Amino acid sequence: MGVHQNISYDKFPKQGELAGKEVKVCFNYDSSKVILGTVIRDDIEEPGLMLIQLSDGRVVRSTECQYSW
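Residues numbered from 1 in each chain as written. Predicted model: local features only at pLDDT ≥ 70, side-chain atom pairs only at ≥ 80, totals over all residues. Heavy atoms only, no water.

A. Main features of the overall build of the protein chain. Looking only at helices and strands, the protein chain has zero helices and five strands in total. Taking the contacts inside the protein chain whose residues are at least 6 apart along the sequence as the reference set, 42% of them involve residues at least 24 apart. For the protein chain, the accessible area works out to roughly 5200 Å², and carbon and sulfur atoms hold 51% of it. On the protein chain, the mean spot of the 8 positive side-chain charges and the mean spot of the 10 negative ones are 2 Å from each other. (Helix = DSSP H or I, 4+ residues; strand = E, 2+ residues; numbered from the N terminus. Contact = heavy atoms within 4.5 Å. Areas by Shrake-Rupley, 256 points an atom, 1.4 Å probe, with all protein chains shown as cover. Lys, Arg positive; Asp, Glu negative; His and termini not counted. Charge placed at Lys NZ, Arg CZ, Asp CG, Glu CD.)

Rendered as structure tokens:
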């Protein structure tokens, strides 16, 4: 659990232009295996988190994969 100054009941980090967009995702730089996903969070303020929901329902951080749009 934790606390962050930009996240509360009525406050959330501003979102970037990729929020809601479809992206192509691969893992371990293996572009022969790509899965589609949707960016569900693209913080342009702290804490600077990007989350992608893959088409199979999994959710990954942008730091755990490679993506392109």
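B. Region of interest: the nonpolar core. Listed in full, the 10 residues of the largest apolar core are Leu18, Val23, Val25, Ile35, Val39, Met50, Ile52, Leu54, Val60 and Cys65. For this core, the secondary-structure elements that each account for two or more residues are β1 (22-26), β2 (35-42) and β3 (50-54). Per-element tally for this core: the top contributor is β3, with three residues. (Core = buried A, V, L, I, M, F, W, Y, C linked by side-chain atoms within 4.5 Å. Buried < 20%, exposed > 50% of the residue type's maximum accessible area, 1.4 Å probe, protein only.)

C. How the structure looks around the environment of Trp69. Inspection of the secondary structure puts Trp69 in the segment after β5 (66-68). Residue class for Trp69 comes out exposed when judged on its relative accessible area of 66%. Filtering out sequence-adjacent residues up to four positions away, Trp69 remains in contact with Leu18, Glu22 and Val23.

D. Inspection of the environment of Gln15 at higher detail. Relative to the elements of secondary structure, Gln15 occurs in the segment before β1. Between the alpha carbons of Gln15 and Gly48 there is a distance of 9.4 Å; along the sequence they are 33 residues apart. Among residues more than four places away in sequence, those in contact with Gln15 are Arg41, Asp42, Asp43 and Ile44. Only 2.9 Å separates the side chain of Gln15 from the side chain of Asp43, close enough to count as a polar contact. (Polar contact = N/O pair within 3.5 Å; in protein donor to acceptor, adjacent residues only side chain to side chain.)

E. Region of interest: the pattern of salt bridges. A full pass over the atoms with the stated rule returns three salt bridges. Between Arg61 and Glu64 there is a salt bridge, with the nearest N and O atoms lying 3.1 Å from each other. Residue Arg61 is classed as partly exposed on the basis of its relative accessible area, which comes to 42%. (Salt bridge = Lys/Arg side-chain N within 4 Å of Asp/Glu carboxyl O.)

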